[in-house]
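Now for the letters of each chain:
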Amino acid sequence: MKEILAAFSLDENKYRIDRIGTGHIHETFRVLGPDSWILQRVNKNVFLRPEVIARNWRLAADYLLDTEPNYVFLRPALTVDGKEMVVDGEGWPWRMFPYLSGTVTIDCVSTEKEAYAAAAAFGGLTRRLNNIPLTDFQETIPHFHDLALRFDQFGEALAGATPERIDKAASCIESVKQFGYLVSQYQELVDSGELRRRITHNDTKINNVLLDEKTREARCVIDLDTLMPGYFIYDFGDMVRTFVSPVDENEKDINRISFRENIYRALHEGYLDQMGMVMSAAELKAIPFAGKMMTYIMSLRFLADFLNGDVYYHTAYIGHNLVRARNQLRYLEILSARFS
Ligand code: GN1
Ligand code: MG
């Protein structure tokens, strides 16, 4: 840790380092001292080209600084060599950005106000980047939210799984197959060419928004690893997936999963207040599909990871990914009834 901090010209003796965060992918630390930072070890097995993250982030940050200098958008700290990341002796990239004091993150939305604020924050980012040229951006994880590809990956995981895991997952596998029609709906929508490629966040969970600790207004969005070209349905859909049920994807008791109409309305309003004016009629029409698509993709991804032997997401216990998949499939049933 000493060398990492030194690379960002921080003296380890002057800082306290605590591990924080509930993310599934990276290791995250808070670095408190004369100034405060978030330090992250980027998962190099997930992000095979971390330099793409750095470039997308820089392109967006430069553009926003130019077009809207008062907009709060965190920039990565630069190393003594002027780079956005430093690679440790084992090949792990580390990056650091400012810690905003007086902010909190929450793992579950409890009020309409929080839903509105967070949705407006994510929508506000994509709207501000509405005219940025996409040419220099790349996907940090190619085909990240390509539902057809994720369906195929689930098939591969199933083909390679142990009989024991297949047995445990039998009812989920059945249910995932029943929702397979969503893949062709997704493909048709994308092939129609009617959804505009935009810069989307692609991980719009509620805990990726920093809220003011007192007012609960959104201060800024974080976790910009997947800031890249995508469709609005990815962002809108992941909010429907993660804001609207009173319990999150880790909840074991599926009877506690539900669709909170008032929270959905607030998130819809928050997003459209920012994005409505730049969305096409075809995009507006795709809104009801978004939550189903993103909940389905996470069902597939969690289930595939379980079948693969839990190699991708951090898990707290054996069967955790299966619990998540079952949870998401229950929520998908609810969404399918609501948005039929
Ligand atoms: C992962 O690690 P975290 O929480 O930022 C995943 C998202 C999923 C999410 C599910 C790069 O995000 O796509 O929606 O878990 N990120 C990656 O909680 O796979
Ligand atoms: Mg993330």
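Residues numbered from 1 in each chain as written. Chains lettered and ligands numbered in written order. Predicted model: local features only at pLDDT ≥ 70, side-chain atom pairs only at ≥ 80, totals over all residues. Heavy atoms only, no water.

K.L.:
Outline the side chain of Gln328, listing residues and values.
P.N.:
Within the secondary structure, Gln328 is located in helix α12 (residues 320-338). Side-chain polar atoms of Gln328 contact the side chain of Asn327, separated by 3.1 Å. With residues near it in sequence (within four places) discarded, Gln328 still touches Arg241, Glu249, Thr295, Met298, Ser299 and Phe302. (Helix = DSSP H or I, 4+ residues; strand = E, 2+ residues; numbered from the N terminus. Polar contact = N/O pair within 3.5 Å; in protein donor to acceptor, adjacent residues only side chain to side chain. Contact = heavy atoms within 4.5 Å.)

K.L.:
How would you explain the packing of aromatic side chains if you had to name every residue and give the values?
P.N.:
Under the counting rule described, the total for this entry stands at 16 aromatic pairs. Taken together, a centroid distance of 5.9 Å and an interplanar angle of 25° make the contact between Phe29 and Trp94 stacked. In this pair, Phe29 is assigned in strand β2 (residues 27-32) and Trp94 in strand β5 (residues 93-98), connecting sequence segments 65 residues apart. In terms of burial, Phe29 and Trp94 fall into one category: buried. Cluster of aromatic residues (ring-pair linked, three or more members): Phe232, Phe236, Phe259, Tyr264, Tyr271 and Phe339. We note Arg165 situated over the ring of Phe306; from NZ or CZ to the ring centre the distance is 4.6 Å. The ring of Phe339 is capped by Arg338, whose NZ or CZ atom sits 4.6 Å from the centre of that ring. (Phe/Tyr/Trp six-rings, centres within 6.5 Å; stacked < 30°, edge-to-face > 60°. Buried < 20%, exposed > 50% of the residue type's maximum accessible area, 1.4 Å probe, protein only. Lys NZ or Arg CZ within 6 Å of the ring centre and 35° of its normal.)

K.L.:
How would you summarise the domain arrangement of the chain if you had to cite specific residues and measurements?
P.N.:
Here the domain parsing of the chain yields domain 1 (2-99) and domain 2 (112-338). When each unit is reduced to the centre of its C-alpha atoms, the spacing between domain 1 and domain 2 is 25 Å. Contact with domain 1, which involves 24 residues of that partner, is made by 28 residues of domain 2. Summing both sides of the interface, domain 1 and domain 2 together bury roughly 2,400 Å²; the carbon and sulfur share of this comes to 59%. Contact with domain 2 buries surface across domain 1, with His24, Asn56 and Tyr63 losing the most and accounting together for 28% of the total. The partner of Glu68 in a salt bridge is Arg128, and the shortest N-O contact between them spans 2.8 Å. Inspection of the domain 1/domain 2 interface yields nine residue pairs in polar contact (both at pLDDT 80 or more). When residues in the side of domain 1 that touches domain 2 are grouped by element, the largest group, nine residues, is from helix α2 (residues 50-67). Broken down by class, the residue content of the side of domain 1 that touches domain 2 amounts to 14 nonpolar, five polar and five charged. (Domains from an automatic or database assignment. Buried area = accessible area lost by both parts, 1.4 Å probe. Salt bridge = Lys/Arg side-chain N within 4 Å of Asp/Glu carboxyl O. Nonpolar A, V, L, I, M, F, W, Y, C, P; charged D, E, K, R; others polar.)

K.L.:
Help me get a handle on the coordination of the magnesium ion (ligand 2), residues and values and all.
P.N.:
Within the first shell, the magnesium ion (ligand 2) binds the protein through Asp203 (OD) and Asp223 (OD), at distances of 1.9 to 2.0 Å. On the criterion of sequence distance, the pair formed by Asp203 in the loop between β7 (198-200) and β8 (209-212) and Asp223 in the loop between β9 (218-221) and β10 (228-230) is long-range, its members being 20 residues apart. (Donors = N, O, S within 2.8 Å, 3.2 Å for Na, K, Ca; no water.)

K.L.:
Any details on α12? Residues and values, ideally.
P.N.:
With 19 residues, α12 ought to run about 27 Å at 1.5 Å a step, and its terminal C-alpha atoms sit 27 Å apart, in line with that. By the criterion of burial, α12 is predominantly enclosed, with 14 of the 19 residues buried. (Expected span 1.5 Å × (residues − 1).)

K.L.:
Could you give an account of the pattern of salt bridges, naming the residues involved and the relevant values?
P.N.:
Under the counting rule described, the total for this entry stands at 19 salt bridges. The shortest N-O distance in the salt bridge between Lys113 and Glu217 comes to 3.9 Å. With Lys113 in helix α3 (residues 112-128) and Glu217 in the loop between β8 and β9, this residue pair connects regions lying 104 residues apart in the sequence. A single salt-bridge network, built from bridges that share partners, covers Asp238, Arg241 and Glu249.

K.L.:
Hey, could you go over the sheet that holds β5 for me, with residue numbers and the actual values?
P.N.:
Pairing is antiparallel across the open sheet formed by five strands, whose spatial order is β1-β2-β3-β5-β4. Two strands lie at the open edges of the sheet, namely β1 (16-20) and β4 (86-87), each paired on one side alone. (Pairing = 2+ DSSP bridges.)

K.L.:
Could you give an account of the site of ligand 1, naming the residues involved and the relevant values?
P.N.:
Around ligand 1 sit 16 residues in total, of which His24, Lys205, Glu249, Arg301 and Tyr312 are the nearest. Taking Asp223, its side chain carries an N or O atom lying 3.0 Å from an oxygen atom of ligand 1. With respect to ligand 1, the side chain of Arg301 contributes an N or O atom lying 2.7 Å from an oxygen atom. Sort the elements by how many residues they give to the shell around ligand 1 and helix α11 (residues 287-307) lands first, with three residues. Counted by class, the shell around ligand 1 contains eight nonpolar, two polar and six charged residues. A domain-level breakdown of the shell around ligand 1 finds at least three residues from each of domain 1 (2-99) and domain 2 (112-338). (Near = heavy atom within 4 Å.)

K.L.:
Describe the nonpolar core, with residues and values.
P.N.:
By size, the foremost hydrophobic cluster in this structure holds 99 residues, and its most contacted members are Phe73, Ile233, Phe243, Leu267, Leu303 and Leu307. Both domain 1 (2-99) and domain 2 (112-338) contribute no fewer than three residues apiece to this core. If you look at the next biggest cluster of nonpolar residues, it comprises 15 residues, including Ala7, Phe8, Leu10 and Met96. (Core = buried A, V, L, I, M, F, W, Y, C linked by side-chain atoms within 4.5 Å.)

K.L.:
Which residues make up the packing of helix α6 (residues 170-178) against α12, and what values go with them?
P.N.:
For any two helices packed against each other, the geometry comes down to the angle between their axes and how far apart the axes lie. The contact between α6 and α12 brings their axes to 10 Å, and the two run at 40°. In terms of axis orientation, α6 runs oblique to α12. The way α6 lies across α12 gives a crossing that is left-handed. Contacts between α6 and α12 involve Ser171, Cys172, Ser175 and Val176 from the first element and Leu322, Ala325, Arg326 and Leu329 from the second. Of the residues in the contact of α6 with α12, the class split is five nonpolar, two polar and one charged. (Axes fitted to C-alpha atoms, helices over the stretch in contact; angles between N-to-C directions. Parallel < 35°, antiparallel > 145°, perpendicular 65-115°, else oblique. Left-handed = near helix turned anticlockwise from the far one by under 90°.)

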